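# Structure at a glance
Below are the chains, spelled out letter by letter.
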Amino acid sequence: MGAIIDVRHLFKDFYQYKVFRRGKLLTHALHDVSFNVKQGDFYGLLGRNGAGKSTLLRILTTNLEKTAGSVVINNVNLDHDIRQIKEHISWMFGVDYEGVSWSSVYKNLLLAAYFTGLNKHQAEKRVHELLHYFDLHSHRNLDVWRLSTGLKGRYALAVAMLKQPAVLFLDEPLLGLDVPA
């Protein structure tokens, strides 16, 4: 099996404007990052706070532009077709996804399924599968804002899995989750 993710010489620079000093400060968030992930593999990034892990994931999920380098996901170059890459990926950044927090878990999952392009029948089927898989069925009628941190984590992961992505990016996915989850 070939690489489903191929990153070559990736750079990301930020300019920070100083309030009490003149000028701007250049920050190198990513400096010459290269790696590949084979299809079917799990790949983890470990590092200190501020090391660039979340920046890297935001670039790979098309939520942040890179400064330089090459990114190919599922044989599609990020520079050539972002829309096609988005069809094959999904992501979860911590447990911060609440959707419409004053609405139920079930209704939020259905809404998110519609946003991913599933029709009514496909959406209902997939939502029921995920409610059972993530042991959320008994909590399906609770408003999202009432969920514990651990349940919000399972809910956010269920949302990320709605479209059955070829590549799933997780940033701090274990935050608030217990061992069985």
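Please read these numbers as outputs of a predicted model, since none were measured by experiment. (Residues numbered from 1 in each chain as written. Predicted model: local features only at pLDDT ≥ 70, side-chain atom pairs only at ≥ 80, totals over all residues. Heavy atoms only, no water.)

Another aspect to go through is the pattern of salt bridges. Where charged atoms from two side chains of opposite charge come close, those side chains can pair. Taken as a whole, this structure holds 6 salt bridges when the rule is applied. We note a salt bridge from Arg 126 to Glu 129, for which the minimum N-O separation is 3.0 Å. One end of the pair is Arg 126 and the other is Glu 129, both in helix H4 (residues 120-133) and 3 residues apart, which spans about a single turn. Here Glu 129 falls in the partly exposed class, since its relative accessible area comes to 33%. Counted as one network, the salt bridges with shared partners bring together Lys 125, Arg 126 and Glu 129. (Salt bridge = Lys/Arg side-chain N within 4 Å of Asp/Glu carboxyl O. Helix = DSSP H or I, 4+ residues; strand = E, 2+ residues; numbered from the N terminus. Buried < 20%, exposed > 50% of the residue type's maximum accessible area, 1.4 Å probe, protein only.)

In this section: the packing of aromatic side chains. In total, this model carries 2 aromatic pairs according to the counting rule given. Here Phe 35 and Tyr 43 contribute two aromatic rings whose centre-to-centre distance is 5.2 Å and whose plane-to-plane angle is 15 degrees, an arrangement assigned as stacked. The class for Phe 35 is buried, based on a relative accessible area of 11%. Assessed through its relative accessible area of 48%, Tyr 43 is described here as partly exposed. Each ring, one from Tyr 133 and one from Phe 134, has its centre 5.0 Å from the other, and the planes form 85 degrees; the classification is edge-to-face. Its relative accessible area of 67% is what places Tyr 133 among the exposed residues. (Phe/Tyr/Trp six-rings, centres within 6.5 Å; stacked < 30°, edge-to-face > 60°.)

Counting through the fold element by element, Asp 171 comes out in strand E6 (residues 167-171). Classification of Asp 171 by relative accessible area gives buried; the value is 10%. Within the structure, the side chain of Asp 171 is placed 2.6 Å from the side chain of Ser 54, a separation counted as a polar contact. (Polar contact = N/O pair within 3.5 Å; in protein donor to acceptor, adjacent residues only side chain to side chain.)

Taken together, the side chains of Tyr 15, Tyr 17 and Leu 26 present a nonpolar region at the surface, about 360 Å² in accessible area. Considering the arrangement of structural elements, one finds Tyr 17 in strand E1 (residues 3-17). (Patch = residues over 30% accessible without salt bridge, like charges linked within 9 Å, V, L, I, M, F, W, Y side chains within 5 Å. Areas by Shrake-Rupley, 256 points an atom, 1.4 Å probe, with all protein chains shown as cover.)

Strand order in the open sheet made by the 4 strands is E2-E1-E3-E4, with antiparallel pairing throughout. Where the open sheet ends on each side, the last strands, each with one partner, are strand E2 (24-38) and strand E4 (76-77). As defined by bridge partners, E1 adjoins E2 across 11 bridges and the pair is classed as antiparallel. Bridged to Val 7 within E2 is Phe 35. (Pairing = 2+ DSSP bridges.)

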